[in-house]
Amino acid sequence: MVTRVPKDPVVDALREEWSTLDALVSGLDDAQWSAASTLPGWTVGDIVAHIVGTERSLRGEQVEAIRDVAALDHVKNPIGELNERWLDHYRARSRDELMTDFRTVTQDRLTALEGMTEREWDAEGFTPAGPDSYGRFMRIRIFDCWVHEIDIRDSLGLGAPDDPMPATSARKEMVASLPFVVGKRAGAAPGSAVTVEFTGLAPRTVHLAVEDRAAVVPALSGPADTTLTVDLIDYVRLIGGRPAADPERVRISGDRELGEKIVTSLHYMI
């Protein structure tokens, strides 16, 4: 069964996030733009090129390979190879050319998304999380772009994001992955109950019950076995395995062993 995601809030959040990214990187000087990022092998400008390349790929465009990138240490799969080909493409172009493409492709994508019918939006197809609706894929795009905003800010010491709209959509995507983290990666036993308290920019309390599989539930029938309290941005750093990730910033209450298993299982982004 596909995930049905309301279209308008997702498109609005994408518009907001792309506008935020434009303002953020347009204010960087050349040294900041060319600085090494927290992502292996990438500069801050490369992060922007990655976002543009992904959206151009979603428009059906292809990029020519100019070298073999499969052997790079930070390339783990074919998507990683595609990412590197887009980076090579833009490394041969100016910052102004890249930003022109950023504005053009994001506007084109917003126009295309706004014109999609409900049937097209809900249709099942490829997503990075497995087969699901196109709407789910676009919610993942918000998550990805928001994570990269954090990467840029962390790389340059620019503080945390402050816009709750894209953060809320990104949090919904992270909540959708919690059953995988708790049930499969952490191996929580059947009968376990877990609560995750997200604090910060887009707070929410999330309950998970583990039966045959872990699932997000509206409420628990009793107290949670373990409760994790974590700022949303600290959680993003943990699931991405970023240099600023700090497991000690997650407060564990209740069953500490189960809580620590979940925390050590959070790094699932490649």
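Details of the structure are given in the entry above.
So, here is what we can say about the structure in this document. (Residues numbered from 1 in each chain as written. Predicted model: local features only at pLDDT ≥ 70, side-chain atom pairs only at ≥ 80, totals over all residues. Heavy atoms only, no water.)

### Focus: the packing of helix α1 (residues 7-26) against helix α5 (residues 95-114)
Phase 1 of the analysis: With their axes 10 Å apart at the nearest point, α1 and α5 run at an angle of 170° to one another. Viewed along their axes, α1 and α5 adopt a mutual orientation that is roughly antiparallel. Residues Lys7, Val11, Leu14, Arg15, Trp18, Leu21, Asp22, Val25 and Ser26 of α1 pack against Arg95, Met99, Phe102, Arg103, Thr106, Arg109, Leu110, Leu113 and Glu114 of α5.
Phase 2 of the analysis: Here the residues of the contact of α1 with α5 are counted per class, giving nine nonpolar, two polar and seven charged. (Axes fitted to C-alpha atoms, helices over the stretch in contact; angles between N-to-C directions. Helix = DSSP H or I, 4+ residues; strand = E, 2+ residues; numbered from the N terminus. Parallel < 35°, antiparallel > 145°, perpendicular 65-115°, else oblique. Contact = heavy atoms within 4.5 Å. Nonpolar A, V, L, I, M, F, W, Y, C, P; charged D, E, K, R; others polar.)

### Side note on the packing of aromatic side chains
The geometry of an aromatic ring pair is captured by the separation of the ring centres together with the interplanar angle, meaning the angle of the planes.
Phase 1 of the analysis: Evaluated as defined, the whole model comprises six aromatic pairs.
Phase 2 of the analysis: Judged by centre distance (5.8 Å) and plane angle (80°), the ring pair of Phe126 and Phe137 falls under edge-to-face. In this pair, Phe126 sits in the loop between β1 (124-125) and β2 (132-133) while Phe137 sits in helix α7 (residues 134-156), placing the two residues 11 residues apart along the sequence.
Phase 3 of the analysis: Given the relative accessible area of 55%, Phe126 is considered exposed.
Phase 4 of the analysis: Considering the side-chain rings of Phe180 and Tyr268, the 6.3 Å spacing of their centres and the 90° angle between planes classify their relative orientation as edge-to-face. Taken together, the positions of Phe180 in helix α8 (residues 164-185) and Tyr268 in the segment after α10 (256-264) put the pair 88 residues apart, joining distant regions of the chain.
Phase 5 of the analysis: For Phe180, a relative accessible area of 36% corresponds to the partly exposed category.
Phase 6 of the analysis: Site record: aromatic cluster; members linked through ring pairs are Trp121, Phe126, Tyr134 and Phe137. (Phe/Tyr/Trp six-rings, centres within 6.5 Å; stacked < 30°, edge-to-face > 60°. Buried < 20%, exposed > 50% of the residue type's maximum accessible area, 1.4 Å probe, protein only.)

### Quick notes on the sheet that holds strand β6 (residues 226-231)
Phase 1 of the analysis: Here five strands make up an open sheet; going across it, the order is β5-β4-β3-β6-β7 and the pairing mixed. Strand pairing shows two members of the sheet lacking a second neighbour, β5 (214-217) and β7 (251-254), which therefore form its edges. Between one strand and the next, the sheet's axes are offset by a mean angle of 25°, whatever the strand orientation.
Phase 2 of the analysis: Two elements, strand β4 (residues 204-210) and β5, share four bridges in a ladder whose sense is antiparallel. By the bridge assignment, Val210 is partnered in β5 with Ala214.
Phase 3 of the analysis: Sheet strands in contact with α8 are β3 (193-199), β4 and β5, and its direction is about 30° off that of β4.
Phase 4 of the analysis: The sheet contacts of α10 involve β3, β6 and β7, and relative to β6 the element is tilted by about 40°. (Pairing = 2+ DSSP bridges.)

### Details of α8
Phase 1 of the analysis: The sharpest bend along α8 measures roughly 35° and falls at Ser177, with the proline Pro179 sitting one to four residues further on.
Phase 2 of the analysis: For α8, the N-terminal cap is Asp163; the gap from its side-chain oxygen to the backbone nitrogen of Met165 is 3.0 Å.
Phase 3 of the analysis: Gly187 sits one or two positions beyond α8 and adopts a positive phi of about 65°. (Bend = angle between axes of the 7 residues up to and from the residue. Polar contact = N/O pair within 3.5 Å; in protein donor to acceptor, adjacent residues only side chain to side chain.)

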